[in-house]
Amino acid sequence: MTLSHSPAGSATRRRRGASRQSRAGMAFVAAYVVLLIAFGVLPTAYAIYFAFTDAGGRVTGFANFVTTAQDFRFMDAVGHVATYLAFWLLSLVVFVVALALLLHRLASGSASKALRFLYYIPGALAGAASVLVWLFMLDPTVSPVSSLLGALGFHTFGEVIAPGNLPLLFTIIAFWTGAGGWIVVMYGALNNIPTDVMEAARIDGAGAWQTAWHVQIPMLRKWIVYMVILAFAGGAQLFVEPQLLSLASVGVAGRDYSLNQLTYDFAFQMNNINGAAAVSVELLVVSVSAAAVFVARSGFFDAD
Amino acid sequence: MSRSHHQPPHRRPVRRLASRLLTGSVLAGFLAFFVLPVLWLVLAATKTDQQLVHDNPLSFGSFHALKTNWDALTAFQDNAVMQWLGNSALYAVISLVITLGIAIPAGYALAMTEFRGRHTLLVATLVVMLMPNATLVVPLFLEINAVHLIGTMWSIILPYSFYPFGVYLTYIYFTTAVPKYLLAAARMDGCSEFCVFWHIALPLATPVIALVGFFSFVANWTNYFLPYVMLPESSQMPIQVGVGSLLSNVPSFNPAVGTLAIERPQLALATLVAVTPVLIVFLFAQRFLVSGMLAGGTKE
C-alpha cells in the first residue's frame, strides 16, 4: 500500500476500496462457507446432538458414552488403535527424517531425485489397494519374501496375521503408502535451510551427525509436528485395513478391531446410532485436542 | 562421532567409504521395500494361480494368462469392474471440479482481501482440516439420509467437494508467493475485484491449482469408508469398494466362497486396474510433487 499520492483523496478512495474488497472477499468465500457449514459444522453438531440423546431424542447426558465404554469390545479397540498409533508415529518420525537426511546428503542429485520418486510410488496405492497388495506380501504361499517370513517363523497366512501382529502390520502398510510423500516434504524443508547456516556449521567443524542433530532436525521441527498431527488424525481413523483383513481372514481379525469399525457396527449392525455418535465424538475430541496441543506448542499456524 | 575432526587425516577415506556403504545399503533396502510389492503386483497379473504359487515370485507369466485373467475379471458380475471404474471416475472428476471452483477463490479471498469474519473462517478451516473426517461418516450418513440423498452419487460427491486442506493450501500460497502490491496495482488501473482475481491472481496460481487438484483427486479416488456406507449397492460402488468386495470372492482368502470365485492373479489385476488412474495422475504431477511440494509454503 505504498502507492497513495494525495493524502486527502486517497483516504476516501482507500475506504471505498476497502468496502469493495470486503464485499468481494465475502463473495469469493460464500460457496465455501456453505460447504463448511453443510459438511463440517452440521455433521459435527449432529454427532454431538446424537451422542447426548437417546433414540427418542431425549437428553441422556453421558449415558451413551457409558454404554459404549462398557461394551466388551470398546477397551480392546482403544488398545488396538493406541498400539498402532504408537508404532506408526514412531516409525514415521524416525525413518522419514532419517531417509530425508540421507537423500539430502546424497552426492548425486539425479539419484536422490529418482529415489524420492520411487519411494513415492506406493502413495498411488493408498486405500483398499495397499491392503490387498500387503495381503499378498504377507501370505507365505505367494509372497516374494516368503523365505524371510519363514525365517521369522511364519509359515501360514494365519500365523502372519495373528492378532498380536496386527498393529505392526498396519504400520507397515501405512508407512509403505504414506512415507514417500512425507520424505518429499522433509526434503523440501531441508532444501530451504539457508546455505550460510549449513556453511557455518561446517566451518565450526560439525560432522554429518552433528549438523543433522543440532542444525537440520531443529529446523525441521515444524514440519515434523505437522506430519505427526496429520498422521495421528489419520491413524486414529483406522478402518479400511482391518475391515478388508477381516474379509480375508475368516474371523482371525474381527469386524470390531478399530474404533471406527465399532462406530460402523453400532450404527449399521446394532442400530444404535446414538452409541455410534458417542464413539465418533470421542474420536473427534481426542484428535482435535491432540492437534491443538501440538499446534499451540509448535506455533505451526503462526502464518496469520 | 563428536571427535571426527580430530582424527588423523589418513583415516578419513576409510570412514567415508564405510559411511557411504551404510547410506547406500539403507537407501537400497528401503527402495526394495517400497518398489518390490509394486513390481510383484504387476507381474502377478500375468500369471495363473498355479504359477503364482510355484514360479519365482518376480518372474513374468505370459500374455496369454494376462488375457485369461482379464477375461475372467471382466466376466465377474457382468463387467462390474468397468462399471466401478466408471463410477470412480465420475465421482472423482465432478468433485474435483467443484473443489477447485470453490477452494481456490476461498483461499485467495482469505489471503488477499479483508472482510468481516475472515479470521473466524480461517480458524474454522484449520479446525475442520485437523478433524479426522472418517469420524464424521456416521453423522454425514444421518444428514444425507435426512435430505433423501442416500444411494445417489451426491451422497459422496458433495462431502468430497468440501476440501478445507485445499483452501488452506491456497491461502498459504497466496500469502507467501504473491505480493499484495501486484493486486493493488491492478486495482489502481481500474480492474474490478473479479478481474483482479481472474486476470492477475489465477494465472499466478497454476502450481497451487495443480497441487490442490492432485491431492483432492487422490484423496477422493482412494476413499473407502464414506462410499462404503453411502453407496452399498454394487452398481454404484466406486472401484475401491468394488475391489474390496472382490476380495471376499477369493477362495484362498475366504474358503466359504461358492462357484463364482475370483482367483488371486485376477484380484491382483483388479488392484492394478484400480490404481492405474492414480498412477497416471502421479506421473503427470511428478514435476510439481517431487520438486515443488513446498513451493506454496516457502520461497526458492
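Predicted model, so just to flag it, every value in this text is computed and none were measured.

This next bit is on the overall build of chain B. When you go through chain B residue by residue, the secondary structure sums to 14 helices and zero strands. Reading chain B from its N end, one meets helices and strands in the order α-α-α-α-α-α-α-α-α-α-α-α-α-α. Taking 300 residues into account, the globule formula puts the C-alpha radius of gyration at 19 Å, and chain B, at 25 Å, lies well above it. Dimensions of chain B, computed from C-alpha atoms along their principal axes, come out at roughly 80 × 75 × 35 Å. Every one of the 300 residues in chain B was classed for burial, and the buried ones make up 52%.

With that settled, the discussion passes to the environment of Leu262 of chain A. Residues and elements named next belong to chain A. Along the chain, the position of Leu262 falls in helix H12 (residues 259-269). Taking relative accessible area as the criterion, Leu262 reaches 0% and is therefore assigned buried. Here the alpha-carbon distance between Leu262 and Gly275, two residues 13 residues apart in the chain, equals 9.6 Å.

With that settled, consider the packing of aromatic side chains. Inspection of the entire model under this criterion finds 47 aromatic pairs over all chains. Aromatic side chains Phe95 of chain A and Phe30 of chain B sit 5.5 Å apart centroid to centroid with 55 degrees between the ring planes, which places their arrangement in the tilted category. Remark: Phe30 of chain B occurs in helix H1 (residues 12-44) and Phe95 of chain A occurs in helix H3 (residues 74-105); the pair is interchain, linking two chains. Among the residues examined, Phe30 of chain B registers a relative accessible area of 17% and is labelled buried. Taken together, Phe95, Tyr119, Trp134, Phe175 and Trp176 of chain A together with Phe30, Phe33 and Phe34 of chain B form an aromatic cluster joined through their ring pairs. If you follow Arg73 of chain A out to its NZ or CZ, it ends over the ring of Phe266 of chain A, 5.7 Å from the centre. When the ring centre of Tyr187 of chain A is taken as origin, the NZ or CZ atom of Arg116 of chain A, which lies over that ring, is 3.7 Å away.

The next thing to look at is the interface of chain B and chain A. On the chain A side, the residues contacting the 103 residues of chain B number 105 residues. Both faces considered, chain B and chain A share a buried interface measuring about 9300 Å² in area, 78% of it formed by carbon and sulfur atoms. Our count for the chain B to chain A interface comes out at two salt bridges. Measuring nitrogen to oxygen at the nearest pair gives 3.7 Å for the salt bridge that ties Arg264 of chain B to Asp139 of chain A. Viewed at the interface, chain A and chain B are joined by eleven residue pairs in polar contact (both at pLDDT 80 or more). The biggest single contributor to the side of chain B that touches chain A is H1 of chain B, with 14 residues.

This paragraph deals with a nonpolar patch on the surface. On the surface, Ile37, Val41 and Leu42 of chain A cluster together into a nonpolar patch covering about 250 Å² of accessible area. For Ile37 of chain A, the location among the structural elements is in helix H1 (residues 7-51).

The next point concerns the packing of helix H4 (residues 80-112) of chain B against helix H11 (residues 206-222) of chain B. Residues and elements named next belong to chain B. Interhelical geometry of H4 versus H11 gives an angle of 145 degrees and a closest axis separation of 9 Å. Remark: the crossing between H4 and H11 carries right-handed chirality. Along the contact surface, H4 presents Leu85, Ser88, Ala89, Ala92, Ser95, Leu96, Thr99, Leu100 and Ile104, while H11 presents Ile209, Val212, Gly213, Ser216, Phe217, Asn220 and Trp221. Among the residues making up the contact of H4 with H11, the classes are represented as ten nonpolar, six polar and no charged.

Structurally, Glu143 of chain B can be placed in helix H6 (residues 137-146). There is no salt bridge for the buried Glu143 of chain B, and the closest opposite charge comes from Arg255 of chain A, which lies 23 Å off by N-O distance. Setting aside anything within four residues of it in sequence, one finds Glu143 of chain B in contact with Ala38, Phe39, Leu42, Pro43 and Tyr46 of chain A.

Take the pattern of salt bridges next. Here the structure, examined in full by the defined rule, presents ten salt bridges over all chains. As a salt-bridge pair, Asp256 of chain A and Arg73 of chain A come within 3.8 Å of each other at their nearest N and O atoms. Of this pair, Asp256 of chain A sits in the loop between helix H11 (240-248) and H12 while Arg73 of chain A sits in the loop between helix H2 (63-70) and H3, and the two are 183 residues apart along the sequence. Residue Asp256 of chain A is classed as partly exposed on the basis of its relative accessible area of 26%. When its relative accessible area of 9% is taken as the criterion, Arg73 of chain A is described as buried. For Arg187 of chain B, the salt bridge identified is with Glu193 of chain B, shortest N-O distance 2.6 Å. In this pair, the class of Arg187 of chain B matches that of Glu193 of chain B, namely buried. Taken together, the salt bridges that share partners define one network made up of Asp71, Arg73, Asp256 and Asp265 of chain A.

Residues and elements named next belong to chain B. Evaluated as defined, the whole model comprises one disulfide over all chains. Across a sulfur-sulfur distance of 1.8 Å, Cys191 and Cys195 are joined as a disulfide pair. Here the disulfide of Cys191 and Cys195 is left-handed, its torsion about the S-S bond being about -60 degrees. Like Cys195, Cys191 is buried.

Tracing the backbone shows Thr141 of chain A in the loop between helix H5 (128-137) and helix H6 (146-151). Remark: the alpha-carbon pair of Thr141 of chain A and Gly178 of chain A, spanning 37 residues in sequence, is separated by 27 Å. When sequence neighbours within four positions are dropped, the list of residues in contact with Thr141 of chain A reads Leu52, Val53 and Arg264 of chain B. There is a polar contact of 2.8 Å between the side chain of Thr141 of chain A and the side chain of Asp139 of chain A.

All names here are of chain B. Between its first and last C-alpha, H11 extends 24 Å over 17 residues, near the 24 Å set by a 1.5 Å rise per residue. Judged by how many residues are buried, H11 sits mostly within the fold: twelve of 17 residues are covered. Here H11 has its buried residues at Val208, Leu211, Val212, Gly213, Phe214, Phe215, Ser216, Phe217, Val218, Asn220, Trp221 and Thr222.

Rules behind the numbers
- Residues numbered from 1 in each chain as written.
- Chains lettered and ligands numbered in written order.
- Predicted model: local features only at pLDDT ≥ 70, side-chain atom pairs only at ≥ 80, totals over all residues.
- Heavy atoms only, no water.
- Helix = DSSP H or I, 4+ residues; strand = E, 2+ residues; numbered from the N terminus.
- Rg over C-alpha atoms; globule rule 2.2 N^0.38 Å.
- Buried < 20%, exposed > 50% of the residue type's maximum accessible area, 1.4 Å probe, protein only.
- Phe/Tyr/Trp six-rings, centres within 6.5 Å; stacked < 30°, edge-to-face > 60°.
- Lys NZ or Arg CZ within 6 Å of the ring centre and 35° of its normal.
- Contact = heavy atoms within 4.5 Å.
- Buried area = accessible area lost by both parts, 1.4 Å probe.
- Salt bridge = Lys/Arg side-chain N within 4 Å of Asp/Glu carboxyl O.
- Polar contact = N/O pair within 3.5 Å; in protein donor to acceptor, adjacent residues only side chain to side chain.
- Patch = residues over 30% accessible without salt bridge, like charges linked within 9 Å, V, L, I, M, F, W, Y side chains within 5 Å.
- Areas by Shrake-Rupley, 256 points an atom, 1.4 Å probe, with all protein chains shown as cover.
- Axes fitted to C-alpha atoms, helices over the stretch in contact; angles between N-to-C directions.
- Left-handed = near helix turned anticlockwise from the far one by under 90°.
- Nonpolar A, V, L, I, M, F, W, Y, C, P; charged D, E, K, R; others polar.
- Lys, Arg positive; Asp, Glu negative; His and termini not counted.
- Disulfide = S-S within 2.5 Å.
- Expected span 1.5 Å × (residues − 1).

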